[in-house]
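# Report on the structure
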Amino acid sequence: MASASYHISNLLEKMTSSDKDFRFMATNDLMSELQKDSIKLDDDSERKVVKMILKLLEDKNGEVQNLAVKCLGPLVSKVKEYQVETIVDTLCTNMLSDKEQLRDISSIGLKTVIGELPPASSGSALAASVCKKITGRLTSAIAKQEDVSVQLEALDIMADMLCRYLQGGLLVNFHPSILSCLLPQLTSPRLAVRKRTIMALGHLVMSCGNLVFIDLIEHLLTELGRNDNMSTTRTYIQCTAAISRQAGHRIGEYLEKIIPLVVKFCNVDDDELREYCIQAFESFVRRCPKEVYPHVPTVISLCLRYLTYDPNYNYDDEDEDDNAMDAEQNDEDYQGSDDEYSDDDDMSWKVRRAAAKCLDAVVSTRHEMLPEFYRSVSPALVCRFKEREENVKADVFHAYLSLLKQTRPAQSWLADPDAMEQGDTPLTMLQSQVPMIVKALHKQLKEKSVKTRQCCFNMLTELVNVLPGALTQHIPVLIPGIIFSLNDKSSSSNLKIDALACLYVVMVTHPAHAFHAHVPALVPPVVSCVGDPFYKITSEALLVTQQLVIRPLDSQQDGSETFDPSPYINDLFTCTIRRLKAADIDQEVKERAISCMGQIICNLGDRLPTELPGTLLIFLERLKNEITRLTTVKALTLIAGSPLNIDLRPVLPDAVPILASFLRKNQRALKLCTLAALDILSAVTPAMVDAVLAELPPLISESDMHVSQMALSFLSTLAVTHPSSLGQLSGGNILVQLIALVRSPLLQGGALAAMLDFYQALVATDTPGLGYMDLLRMLTGPVYSQNAALPHKQAYCSIAKCVAALTRACPAEGPASFVLYCLHRHSSGGFSSRLLALLSLGEVGHHVDLSSQPELKTVILDAFSSSSEEVKSAASYALGSIAVGNLPEYLPFVLQEISSSKRQYLLLHSLKEIIGSASVAGLKPYVESVWSLLLKHCECQEEGTRNVVAECLGKLTLIDPETLLPRLKGYLLSGSSYARSSVVTAVKFTISDQPQPIDPLLKNCIGDFLKTLEDPDLNVRRVALVTFNSAAHNKPSLIRELLDSVLPHLYNETKVRKELIREVEMGPFKHTVDDGLDLRKAAFECMYTLLDSCLDRLDIFTFLNHVEDGLKDHYDIKMLTFLMLARLSSLCPSAVLQRLDRLVEPLRATCTTKVKANSVKQEFEKQDELKRSAMRAVVALLTIPEAEKSPLMSEFQSQISSNQELAAIFDSIQRDSSSANMESMDTS
């Protein structure tokens, strides 16, 4: 330490030298010392260093001054508090100096100090005292100063400080004095002062208290009302817009007073004022969505009026000859629009630009007004594509792009034809305007301006994404415009890339025949782009070439033989092969050249007999390269699957061993693609197959079901193409792996289907040692012989399905020997054997008629008396499945048993299986008898039985909806609440996420079923909510139109009802029971579902009121509302921001609640889970820009960071969410 002090005193001595270089070097060395973490200064050294640095700020040499300012940063964090105050004092005094240079350097110094102070959230006293000192000095400097440059610097520093210390309320006490010194500056004669004052006020309103905010708004409203002179009015309008941008959620309630004033000033003949007024509207639209709603029509009409406001220019002469223009007309004819007219004083373009941006904001934020936009806004924007100012034109295009993006059917219900409201939908209205859009764009595509043409390409791309195929009639008009940009020597590379990307999207989304006439014109420019030296252009051009080959050139696709591709094949092949051969090019180009060549060979390989062998050898080389191997495997798969039967035999002996080795690689995508390629390569020899089979065992495992599925699919193909190769399976590892996989609880879906296909293909090969009984014993033997239970119930089901698949594949020997085998095992074995035997009987009986075995009925009914629940349920499933195989034999038997037997619950499950699996035609004759039987049981006391009956009723209704749905509706009037709840639950089972014949009928009457939300019985209301939730989740189109009437009842169920809460005495303790909890839970679950499917139909502020109530409810409901908050933060951040202060309080209450010390362990765990969940909601809220600027939120953040437990939870959740974001970026 002593040596450090000595070193520093040495430096200080040099700083007093008369030689500026000495001073410079010494200051530089001091800077290096101060930046070391290890340095510690004693009091004396501190005083001397601070004094010297401040003295050097007044140095005659500018470079020394600059270095001294830089030293302030590290110095502030190294010296004691009172020294920092000395620094600040001196700097504030110097700011008011007469010397301009000293003033400038001091203001830079102050900014440096403010930037280095510890943040407010750290709770440091230093920041507080320094800020108070600076604020006092700055307010007086701003208020009294005669010198404008001092005022400007002071305002700048004030804005800096307000921005940095938004949080933590450090300056709250100074806010009134800051406001009173800033307001007079809005009328300063200097515009620069006004501008910086507005910036400072913008930062102030984010964190100031309510009283200060009200004062500011009242002042602005008064001044705008007085309207003394135009110049200050402009400033006040600008200030209002700035406040709205920074604190939109606070200004909302004053809009009723502000908007009429702004509208009034819009009509004053002053272009600058108009621009500011329209900018103010834009910020209101973006930041106060709810409050601005009634005024949106006014805003739109003003914007449309000023979008065409160009008093000094006449456009009429251009429109007259529009119709006479020929599609192929040369661009010289209308290139003059940019330079015919120039007027430096003309400010009208700013008004037009503001109007275009404001329309952009309206279109982006008001999805529900789309039809209205297509009626009024869309034609107006299209007419303005001819705008003469390039910047304005770009904004007009941008606004139209926003309109198209809003129209894109992002959610399934928009694309669902059933959901489309009758009449004009946005998509049909857009379709009718396509000719008008194309006409406007056609002219712009040959403009000189690169920016304009890029906008056109973006527009066309978005248009065909929203409406694929919309341009089919207009291709002849557009292709010349695209080719013009590709051939234009003056085009920038970005423009060419955009033109190619646009051409690609247009080709993908339109039928091939539309391009046939244009291929001669398209091929030369595309070929020259493939040869372009810039890799991005080459890469896009190769994509287009690939599309050219897939669509226009390969005329087999649409059956028209009129088009002959031969003149173009050579050009396309030559340019692609040149890129394919090059080894020293960008990877993206390499990959696209491989894909493109694969496509050329796949579609046109028969016309390239001489070039083919050489090209395949290049593919072989690329297969050996780690970087290109994946793309090459995909290309080979494409070629192997070509309808032209391309001969791959020359390369297969080398390629297959390489492919087999890829199955060992630790790259999942490569394994999957390789298996797909091997599956489709038909010309492989037995020797090659053996090499591949050796690599398969490790791939068949539960660790990756998709790879297993592909491997099984390959084996099934082998069983057909090379049955002899499967002989080696009988003793090999592959079968061991298969049996292990069958027992995995994860086997389901595609992998299970592939397993069943494989067993059927294998047994059909008649390979010795792999016959029907051999495989049957392999699958079931271990279960029967050891009689030990398998670890998972799912394994029994999978084995049973495999057994059934084998039995179906051998109709001659299978069923009879199988049933005897099963019955023997069932009678002789224990629990596992009986379970497997029953499930296997069920699976086989589903497809094969087993009625020839009379003892089956007795065996199954006996199993209903088993002591094991699993055996009972397997027996019930078996009876249902066997009945499906022969309905006339078994269905009457099941119905009779239900009527007479005591075991109705199990028999009803069998009936459910029959109704769910049997064919509609087979069931039709029995519908009436089943229906009447079910109705007898729908008033059963037991809820479990009622639920099964309801499911049967629902599935039965799907068989004959015209007759049965009205009957169901009739039972809503039943006097029994049990019957009503069964009927409403039955409706839930008629709704699925696939289109069904019942949908239109259901749409007409679902409203009647949902009226049960007003039922007096709690349970009926609960099941009505569950049914509503199912409809909202699976088929929102059914309930979208009913939301206005349903939502009030739904929201009503979210309230806590005192009359449903009762106390139960349990010995010496009293326990509170809330009978309304399940109902509230169901209501909140519905709300959560509606966020995903019907967000545009919700009044988000009413919705938030109920979310807010839920945040204070029971544990289960809090958990749900925390999830909703996180969802809302990403879906509608601006609305959440407006309510933030009310939402933070319940979150803080949850996080700071303490569990009583003598509580049980579960209580502690529950509270921990609640805290984590609440903290997830907080992290989600903080992703909203400006959320942390709310005083309450920032206070809560400080509280979190000062509490060790909460801070740890907060940090771990932030880490999780950021890593999840990274993963989603990786997979996208």
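Residues numbered from 1 in each chain as written. Predicted model: local features only at pLDDT ≥ 70, side-chain atom pairs only at ≥ 80, totals over all residues. Heavy atoms only, no water.

## Structural notes on the pairing of strand S2 (residues 1069–1074)
Sheet topology note: the strand S1 (residues 1061–1066)/S2 ladder contains six bridges and is antiparallel. From the neighbouring strand, isoleucine 1061 faces S2, where its bridge partner is aspartate 1074. The antiparallel hairpin formed by S1 and S2 contains two residues in its connecting segment, where glycine 1067 sits at a positive phi of about 65°. (Pairing = 2+ DSSP bridges. Helix = DSSP H or I, 4+ residues; strand = E, 2+ residues; numbered from the N terminus.)

## Re the packing of helix H9 (residues 175–182) against helix H11 (residues 210–226)
At their nearest, the axes of H9 and H11 sit 10 Å apart, and the two run at 15° to each other. For the element pair H9 / H11, the angle class is roughly parallel. H11 is crossed by H9, and the crossing has right-handed handedness. In contact with His175, Pro176 and Leu179 of H9, H11 contributes Val212, Asp215 and Leu216. Of the residues contributing to the contact of H9 with H11, the split by class is four nonpolar, one polar and one charged. (Axes fitted to C-alpha atoms, helices over the stretch in contact; angles between N-to-C directions. Parallel < 35°, antiparallel > 145°, perpendicular 65-115°, else oblique. Left-handed = near helix turned anticlockwise from the far one by under 90°. Contact = heavy atoms within 4.5 Å. Nonpolar A, V, L, I, M, F, W, Y, C, P; charged D, E, K, R; others polar.)

## Observations concerning the confidence of the model for the protein chain
Taken residue by residue, the protein chain gives an average pLDDT of 82. The fraction at 70 or more is 90%. When pLDDT is averaged over each element of the protein chain, helix H16 (residues 296–307) comes out on top at 93 and helix H21 (residues 412–415) at the bottom at 41. Every residue in residues 317–342 scores below 50 in pLDDT, and together they form 36 contacts with partners more than four places removed in sequence or on other chains. For residues 410–422, every residue scores under 50 in pLDDT, and the model assigns this stretch 20 contacts once sequence neighbours within four places are set aside. (pLDDT = per-residue confidence, 0-100.)

## Some thoughts on helix H43 (residues 869–885)
Spanning 17 residues, H43 covers 25 Å between terminal C-alpha atoms, matching the ideal 24 Å at 1.5 Å per step. Burial runs high along H43: 12 of the 17 residues are buried. Within H43 the residues assigned to the buried category are Val871, Lys872, Ala874, Ala875, Ser876, Ala878, Leu879, Gly880, Ser881, Ile882, Ala883 and Val884. Those residues of H43 hidden inside the fold are in contact with helix H41 (831–847), helix H42 (855–863), helix H44 (887–900) and helix H45 (904–917). (Expected span 1.5 Å × (residues − 1). Buried < 20%, exposed > 50% of the residue type's maximum accessible area, 1.4 Å probe, protein only.)

## What to know about the pattern of salt bridges
This structure, assessed with the given rule, holds 42 salt bridges. Where arginine 352 meets glutamate 387, a salt bridge forms, and the shortest distance between an N and an O atom there is 2.8 Å. Remark: glutamate 387 occurs in the loop between helix H19 (370–383) and helix H20 (390–407) and arginine 352 occurs in helix H18 (residues 348–365); sequence separation between them is 35 residues. Accessibility assignment for this pair places arginine 352 and glutamate 387 in one class, buried. A salt bridge links aspartate 488 to arginine 453; its shortest N-O distance comes to 3.0 Å. Within this pair, whereas aspartate 488 is found in the loop between helix H24 (475–487) and helix H25 (493–509), its partner arginine 453 is found in helix H23 (residues 450–466), the two being separated by 35 residues in sequence. Assigned by exposure class, aspartate 488 and arginine 453 land together as buried. Connected through salt bridges with shared partners, the residues Asp310, Arg352, Arg384, Glu387 and Arg388 form a single ionic network. (Salt bridge = Lys/Arg side-chain N within 4 Å of Asp/Glu carboxyl O.)

## Examining the packing of aromatic side chains
The final tally for this structure, using the stated rule, is six aromatic pairs. Where tyrosine 306 meets tyrosine 309, the ring centres are 5.7 Å apart and the plane angle is 80°; that geometry is what we call edge-to-face. Like tyrosine 309, tyrosine 306 is buried. Between phenylalanine 385 and phenylalanine 397 the ring centres are 4.5 Å apart and the planes differ by 25°, which places this aromatic pair in the stacked class. Here phenylalanine 397 lies in helix H20 and phenylalanine 385 lies in the loop between H19 and H20, a separation of 12 residues in the sequence. For phenylalanine 397, a relative accessible area of 1% gives the class buried. One aromatic cluster is present, formed by Phe385, Phe397 and Tyr400 through successive ring pairs. Lying across the ring of tyrosine 1115, lysine 1166 places its NZ or CZ 5.0 Å from the centre. (Phe/Tyr/Trp six-rings, centres within 6.5 Å; stacked < 30°, edge-to-face > 60°. Lys NZ or Arg CZ within 6 Å of the ring centre and 35° of its normal.)

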